[in-house]
Amino acid sequence: MISPLNISDLTKTFTGVKALDAVSLTVAPGSRVALLGHNGAGKSTMMKIILGLLPFDAGTVTVCGAAPGSAEARRQVAYLPENAAFHPALTGEEQIGQYLALRGESPKKARELLERVGLHDAARRRIGTYSKGMRQRVGLAQALIGKPKLLVLDEPTSGLDPVSRRDFYALLDGLAAEGAAVLLSSHALTEVEARTDQIVILSNGRMAASGTLSELRRAAALPVTMHVTARNGYGSEIADALPGAIRVGADLHLSCGQDEKLGILACVTGLGDKVADIEMMPPSLEDIYSHFSRRDGQ
Ligand SMILES: Nc1ncnc2c1ncn2[C@@H]1O[C@H](COP(=O)(O)OP(=O)(O)OP(=O)(O)O)[C@@H](O)[C@H]1O
């Protein structure tokens, strides 16, 4: 099967700035990939190259097996810019109808697309009256025209409220389940952590890390935090059994390496009824992101 996106050793230099430095990435059908990185890390440059809007200096890029920007690639790729702008005097239905017509499809499909993104009730209202979240949904409806195999979404949830964000990701889940690949950039690490399959961290144009969250966790080898709650009167006994633990009220806080985790769990289990509860907190994507970015001098 042809990959929706294949990037190998991609390098792009602007005058005096290496925006991308030998970056490689493969996106499989049906996968949701998050592109993370500090301001100026190279995310937008990579997206513009994928869309064929920017030439590159070295490496190879294929989009659904075709050259970026070619008619073949453009047929299969959709793009949602961070601040999608639409004509405020048009209704959602008219705007999407226009885009459908431009693509040679029936404008009548606009209703169905707007329904899919939850804008059914507002379809006949002028876009000028829409909230930011509603305009983002119009953008997504536009991106769904022609059943793209690859969706490139630039910070699609910036400015959305928590419920709209959740709805947005639910929609992406549905698209991915139908086989579409999604590449999205974001600064919202918590939502990305839960809703994507692969995470790519760019730093100063270089690929600082890439993989699933658990792969990145293993590679970062950051400590796991544990909170053990002692039953009344057993705090000191548990503290003695767990060297390095810090007492905080009835709780004992400790952190350990991934490879020590199971040993400590066995020790806590051995304490039986003396333990009221245990909580384990693996490193968050925020910790992992800081780790790889810091390692890269950020
Ligand atoms: N047209 C351009 N001319 C010169 N330098 C550019 C140009 N476009 C981008 N750059 C530089 O390339 C680097 C990468 O920029 P890019 O816009 O790709 O970053 P980004 O990761 O998308 O950042 P942000 O999160 O702020 O959107 C930056 O140093 C930027 O200043």
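In what follows, the structure referred to is the one given above.
Everything numeric here is computed off the predicted structure, so don't read it as measured data.

Enquirer: Explain unusual backbone geometry here, please?
Expert: Across the chain, the bulk of peptide bonds are trans and the bulk of non-glycine residues have phi less than zero. In the Ramachandran plot, A22 falls in the positive-phi region, its phi being about 50 degrees despite a non-glycine side chain. Residue placement: A22 occurs in strand β2 (residues 17-27). Classification of A22 as partly exposed rests on a count of 14 C-beta atoms within 10 Å. For K147, which is not glycine, the phi torsion reads 45 degrees and is therefore positive. Within the element layout of this structure, K147 appears in the loop between α5 (132-143) and β6 (150-154).

Enquirer: Is there a simple way to explain the packing of helix α3 (residues 92-102) against α5 in this structure?
Expert: Working note: a packed helix pair is described by the angle between its axes plus the distance between those axes. At a minimum axis distance of 10 Å, the contact between α3 and α5 shows a crossing angle of 25 degrees. Of the possible angle classes, the one that applies to α3 and α5 is roughly parallel. Between α3 and α5 the crossing geometry is right-handed. Residues G92, Q95, I96 and Y99 of α3 lie in contact with α5, whose contacting residues are V138, A141 and Q142.

Enquirer: Just to check I follow, could you spell out the nonpolar core for this structure?
Expert: Here is a general trend for soluble globular proteins: nonpolar side chains tend to be buried in one another's company. Among the nonpolar cores identified, the biggest contains 66 residues, and V182, L183 and V200 are the most heavily contacted of them. The element that contributes the greatest number of residues to this core is β2, accounting for five residues. The contact partners of V182, leaving out residues within four places of it in the chain, are R32, V33, L151, L153, L172, L175 and A176. Formed by seven residues, the second largest nonpolar core is a distinct cluster that contains V228, I238, L252 and I264.

Enquirer: Please clarify how the sheet that holds strand β13 (residues 275-281) should be interpreted in this entry.
Expert: Note: strands within a sheet are paired through backbone hydrogen bonds, in either parallel or antiparallel orientation. Pairing within the open sheet is antiparallel, and its four strands lie in the order β11-β12-β10-β13. Each edge of the open sheet is held by one strand with a lone partner, namely β11 (246-248) and β13. Neighbour-to-neighbour, the strand axes of this sheet turn through a mean angle of 25 degrees, independent of strand direction. Sheet topology places strand β10 (residues 224-230) next to β13; six bridges connect them, and they run antiparallel. Within the sheet, the bridge partner assigned to A230 lies in β13 and is V275. The strands touched by helix α10 (residues 261-270) within the sheet are β10, β12 (251-256) and β13, with β10 carrying the most contacts at an inclination of about 5 degrees.

Enquirer: Please clarify how the site of the ligand should be interpreted in this entry.
Expert: The environment of the ligand is made up of F14, V17, A19, G37, N39, G40, A41, G42, K43, S44 and T45. Of all the elements in the fold, those that place two or more residues in the shell around the ligand are β2 and α1 (43-50). The element best represented in the shell around the ligand is α1, accounting for three residues. Considering only residue class, the shell around the ligand consists of four nonpolar, six polar and one charged.

Cut-offs and rules
The numbering scheme is per chain: residues are counted from 1 as the chain's sequence reads. Where totals are concerned, whole chains, interfaces and linings use all residues; where local detail is concerned, this predicted model gives features only for residues with pLDDT of at least 70, and gives and counts side-chain atom pairs only at 80 or more. The numbering of helices and of strands both runs from the N terminus, where a helix is a DSSP run of H or I of at least 4 residues and a strand a run of E of at least 2. Between the buried cut of 20 or more and the exposed cut of 12 or fewer other C-beta atoms within 10 Å of a residue's own C-beta lies the partly exposed class, and all C-beta atoms are placed from the backbone. Each axis is a line fitted through C-alpha atoms, taken for helices only over the stretch in contact, and angles between the N-to-C directions span 0 to 180 degrees. In what follows, roughly perpendicular refers to angles from 65 to 115 degrees, roughly parallel to angles under 35, roughly antiparallel to angles over 145, and oblique to any angle outside these ranges. A crossing counts as left-handed when the near helix is turned anticlockwise from the far one by less than a right angle, and as right-handed when that turn is clockwise. Once C-beta atoms have been placed from the backbone, residue pairs whose C-beta atoms lie within 7 Å are recorded as contacts. The nonpolar core is taken to be a set of buried Ala, Val, Leu, Ile, Met, Phe, Trp, Tyr and Cys residues joined by way of C-beta atoms within 7 Å. Paired strands are those between which DSSP finds at least two bridges. Any residue whose C-beta atom, as set from the backbone, lies within 6 Å of a molecule or strand is reported as near that molecule or strand. Any residue outside Ala, Val, Leu, Ile, Met, Phe, Trp, Tyr, Cys, Pro, Asp, Glu, Lys and Arg is labelled polar, Gly included; the first ten of those are nonpolar and the last four are charged.

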